[in-house]
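Remarks on the overall topology
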Amino acid sequence: MSASAAHARKMYKFQDDLGRWHYSDAKPQEGMAKSLEVSQVAMDPATAVSLENRDAEGRRQVFASNRWAGPVEVEVTPLEVVNMLVEPPLPHRFVLAGGAVAAPIIDMRLADSRQTGTVRYGYRYTPGDPSAQPEENHAYLPPIAPGSTYAISQGFLAHSATKARKTGMRSTSPCRKGRRSTRCGTAW
């Protein structure tokens, strides 16, 4: 992949001591990465994920490439299908791993070999894996220094103590419901 310096960036994919994978545009601290991959990626979203048709042994395959360091969810939708068998059937969603190059995702072949066939499709993608789940018993902290103060201009309120704990608020944090707003005290 070629990219100009103005539209390119280094991305780091590394594994920590616990085996968890991290994706970042910031280089990990010395000794923090058990495994490290560095890639140069274009920041132009139009070229980050691409699909390519290839003919092989009487069938056509669609290959997908993801130039981002992290996973993306791709949705392929049919625009026109004439005399073609498409596997998996369209529309189809799948997650493409970060840095994946030319991975086959769709097979197409003629339904009736005596006639011609056509498949036209469109696709869109969203960064991330929708099935990703937060780790149990892992402390997720806001990106600020402990003990510092900051203003919260948006957020959500959980009225039960169980849900409040999940947002990082102590269950004993006082919440006061006013006519137009709710105020809560919290400690990180």
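Just above, that's the structure.
Summary of the structure given here. Note that the structure is predicted; figures quoted are calculated from it, not measured.

Right, let's talk about the sheet that holds strand E8 (residues 92-96) for a bit. The 3 strands are arranged E8-E6-E10 in an open sheet whose pairing can be described as antiparallel. Edge positions in the sheet fall to E8 and strand E10 (118-127), since each has one partner strand and no second. Ignoring strand direction, the axes of neighbouring strands in this sheet form an average angle of 25°. Across 10 bridges, strand E6 (residues 72-82) lies against E10 in antiparallel orientation. Residue pairing across strands places Val76 opposite Tyr123, the latter belonging to E10.

Right, let's talk about the side chain of Asn66 for a bit. Mapping Asn66 onto the fold places it in strand E5 (residues 59-66). There is a polar contact of 2.9 Å between the side chain of Asn66 and the backbone nitrogen of Trp68. Only 3.0 Å separates the side chain of Asn66 from the backbone oxygen of Gly70, close enough to count as a polar contact. Discounting chain neighbours no more than four positions away, the residues touching Asn66 are Ala48, Val49, Pro71, Val72, Leu96, Ala97, Gly98, Gly99 and Ala100.

Below, the discussion takes up the pattern of salt bridges. Tallied over the entire structure, the rule returns 9 salt bridges. We note a salt bridge from Glu52 to Arg54, for which the minimum N-O separation is 3.3 Å. One salt bridge connects Glu80 with Arg120, and the closest N-O pair in it is separated by 3.1 Å. Of this pair, Glu80 sits in strand E6 while Arg120 sits in strand E10; the two residues are 40 residues apart in sequence, bridging distant segments of the chain. Because the salt bridges share partners, they merge into one network encompassing Glu73, Glu75, Arg93 and Arg124.

What counts and how
Residues numbered from 1 in each chain as written. Predicted model: local features only at pLDDT ≥ 70, side-chain atom pairs only at ≥ 80, totals over all residues. Heavy atoms only, no water. Pairing = 2+ DSSP bridges. Helix = DSSP H or I, 4+ residues; strand = E, 2+ residues; numbered from the N terminus. Axes fitted to C-alpha atoms, helices over the stretch in contact; angles between N-to-C directions. Polar contact = N/O pair within 3.5 Å; in protein donor to acceptor, adjacent residues only side chain to side chain. Contact = heavy atoms within 4.5 Å. Salt bridge = Lys/Arg side-chain N within 4 Å of Asp/Glu carboxyl O.

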